[in-house]
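As a plain string of letters, each chain reads:
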Amino acid sequence: MKIAFLLLVGLSQDPVPDLVRELDAAPPGAVWEAAAKLEALGPAALPAIDAAAKRAEGRLRDYLGIVAAEIRNPTFPVRRVTLRATQRPSAEVMGLLVGKDEESLFGLEFLRQGEDQPPIDVDFRDLPRIQAVDVIAKAGNLAVESGDGRLVPLPEEYVDSLKFPWGHYLLKLTSLSLHKIVDFRKPAEESFSLAMEGIWDPASGAIRLGSPRVLAARDDRGKSLVTRSEEAVEEDGGLSLALLPPSPDAAKIEILRGTVTARVCRTRRRFLLDKAALDASAEREGWTLKVSRVDAKLGLLMLTLLAPGADPGTLDGMPVSVHLSIQGRGELRYSVAVAVQGERASIEVPFPVDIDGENTFLPEKIEVTLSIRVEERTIPFEFRDVPIR
């Protein structure tokens, strides 16, 4: 009876305190795995997680707050991958990660149409898919870009940099810039900034990242580098955020931690038009998309969206992904937006034109994806021992 009683006590023990300690002790590369264990406990664990967050400070408090928010408003499940491949082309290996229903979200055509890639070897178990993408990209010396709900591997040089994995996301610290401005009429001014980029699994529903915020930054001389300004500036496809200049003799940033927002589409509607002809239309869940104008000389396709009952304010600016199949030009993809004027909602789609006027490149197939419900989610980042000398 005593043994049975001890077993029952052990089974009923609250797992939250141990998992909170594991999260607190986790290095940046293991933070998400520790947070995912807490998140997996579900709504029943929220009172204990909220209580732990109230008692915690700084880093731990921030992570617990994000975990609680994820439990209250769950995101799409993270897909994990186990894969072993030997002496196979990188495009082929990357394709093993992609389901047939996801091909439009992965731009593998850029690899398949490019130069032959040398064969690669990869071997990993139970990795989040975005980390698997990074492993394959490194092995194949490929660049990877994300944007507007798509992930595109490119036959360009892979740049290895400091990384922070968080579920569907992989954030990379790409550069640190220290500038000194000398004006002989006043003391020299220094500016310091970080540049960060991110890639993400299309299964996340993320469209783009933005609005980073630094919560903690400290150099190895103990100086805080956090400024009062939280204004983010977009630069060359990444995001730059100002920091205070480090100490003159500092060699590294010991801790750099913050958050970035992700615009996530929770609901999509896809329309397929077989041809670019006037009045060609497609219907999906009560919404209708029809071709209202085709201008081969200007290379312009105008689509009209009929969405009974939809709020015009919600439609205006709605993100749209367009996939065109054009004979002689292959596959083209565009990211545009719905424009609302009065009661009319329209989508303008460009396509190639022949300058000499000898050929007409009309799209043969048009796939349009509307991001119906978009919300913002908070994604953390953390880097340690960032060299600055």
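Residues numbered from 1 in each chain as written. Predicted model: local features only at pLDDT ≥ 70, side-chain atom pairs only at ≥ 80, totals over all residues. Heavy atoms only, no water.

Strand order in the open sheet formed by five strands is 8-11-19-15-16, and the pairing between neighbours is antiparallel. On the outer flanks of this sheet lie strand 8 (206-219) and strand 16 (330-337), each paired with one strand and no other. Between one strand axis and the next, the sheet turns through 25 degrees on average, direction left out of account. Strand direction decides the pairing type here: strand 15 (residues 319-326) and strand 19 (residues 363-387), joined by seven bridges, are antiparallel. Each residue of the ladder has a partner; that of Val320, found in strand 19, is Leu370. Where helix 5 (residues 58-72) meets the sheet, it contacts strand 8, strand 11 (252-273) and strand 19, and its direction lies at approximately 155 degrees from that of strand 19. (Pairing = 2+ DSSP bridges. Helix = DSSP H or I, 4+ residues; strand = E, 2+ residues; numbered from the N terminus. Axes fitted to C-alpha atoms, helices over the stretch in contact; angles between N-to-C directions. Contact = heavy atoms within 4.5 Å.)

Read from one edge of the open sheet, five strands run 12-13-14-18-17, paired in antiparallel fashion. Among the strands making up the open sheet, the edge pair consists of strand 12 (281-284) and strand 17 (339-341). Strand-to-strand, the axes of this sheet are offset by a mean angle of 30 degrees, without reference to chain direction. When strand 13 (residues 287-295) meets strand 14 (residues 300-306), the two strands line up antiparallel, connected through seven bridges. Following the sheet pairing, Thr288 is matched in strand 14 by Leu306.

A few words now on helix 4 (residues 46-55). When helix 4 is considered as a whole, its buried residues turn out to be Leu46, Ile49, Ala52 and Ala53. Projected onto a plane normal to the axis of helix 4, the buried residues spread over an arc of 130 degrees and lie on a single side. In this structure, helix 4 carries Pro47, Lys54 and Arg55 as exposed residues pointing more than 90 degrees from its buried face. Packing partners of the buried residues in helix 4 comprise helix 2 (16-25), helix 3 (31-39) and helix 5. (Buried < 20%, exposed > 50% of the residue type's maximum accessible area, 1.4 Å probe, protein only. Arc of directions from axis to C-beta.)

The subject of this paragraph is the pairing of strand 12. When strand 12 meets strand 13, the two strands line up antiparallel, connected through four bridges. Across the sheet, the residue bridging to Ala282 is Leu289, located in strand 13. Adjacent in sequence and paired antiparallel, strand 12 and strand 13 are bridged by two residues, among which Glu285 carries a positive phi angle near 50 degrees.

Per the stated rule, a full pass over the model turns up 29 salt bridges. Between Arg72 and Asp50 there is a salt bridge; the shortest N-O distance is 2.5 Å. With Arg72 in helix 5 and Asp50 in helix 4, this pair connects stretches of sequence that are 22 residues apart. A residue is classified by how much of its surface remains accessible, and Asp50, at 24% relative accessible area, is partly exposed. Among the ionic pairs, Lys252 bridges to Asp385, the shortest N-O distance being 3.3 Å. Taken together, the residues span a long stretch of sequence, with Lys252 in strand 11 and Asp385 in strand 19 at a distance of 133 residues. For Lys252, a relative accessible area of 31% gives the class partly exposed. Among the residues examined, Asp385 registers a relative accessible area of 44% and is labelled partly exposed. When salt bridges with common partners are traced through the structure, they connect Glu70, Arg266, Arg373, Glu375 and Arg377 into a single cluster. (Salt bridge = Lys/Arg side-chain N within 4 Å of Asp/Glu carboxyl O.)

Turning next to the packing of helix 4 against helix 5. When two helices pack together, their arrangement is given by the angle between the helix axes and the distance between those axes. Two numbers describe how helix 4 lies on helix 5: the axes approach to 9 Å, and their chain directions differ by 155 degrees. Taken together, the axes of helix 4 and helix 5 are roughly antiparallel relative to one another. When you trace helix 4 past helix 5, the crossing you get is left-handed. Judged by residue contacts, Leu46, Ile49, Asp50, Ala52 and Ala53 of helix 4 engage Arg61, Leu64, Val67, Ala68, Ile71 and Arg72 from helix 5. For the contact of helix 4 with helix 5, a count of residues per class yields eight nonpolar, no polar and three charged. (Parallel < 35°, antiparallel > 145°, perpendicular 65-115°, else oblique. Left-handed = near helix turned anticlockwise from the far one by under 90°. Nonpolar A, V, L, I, M, F, W, Y, C, P; charged D, E, K, R; others polar.)

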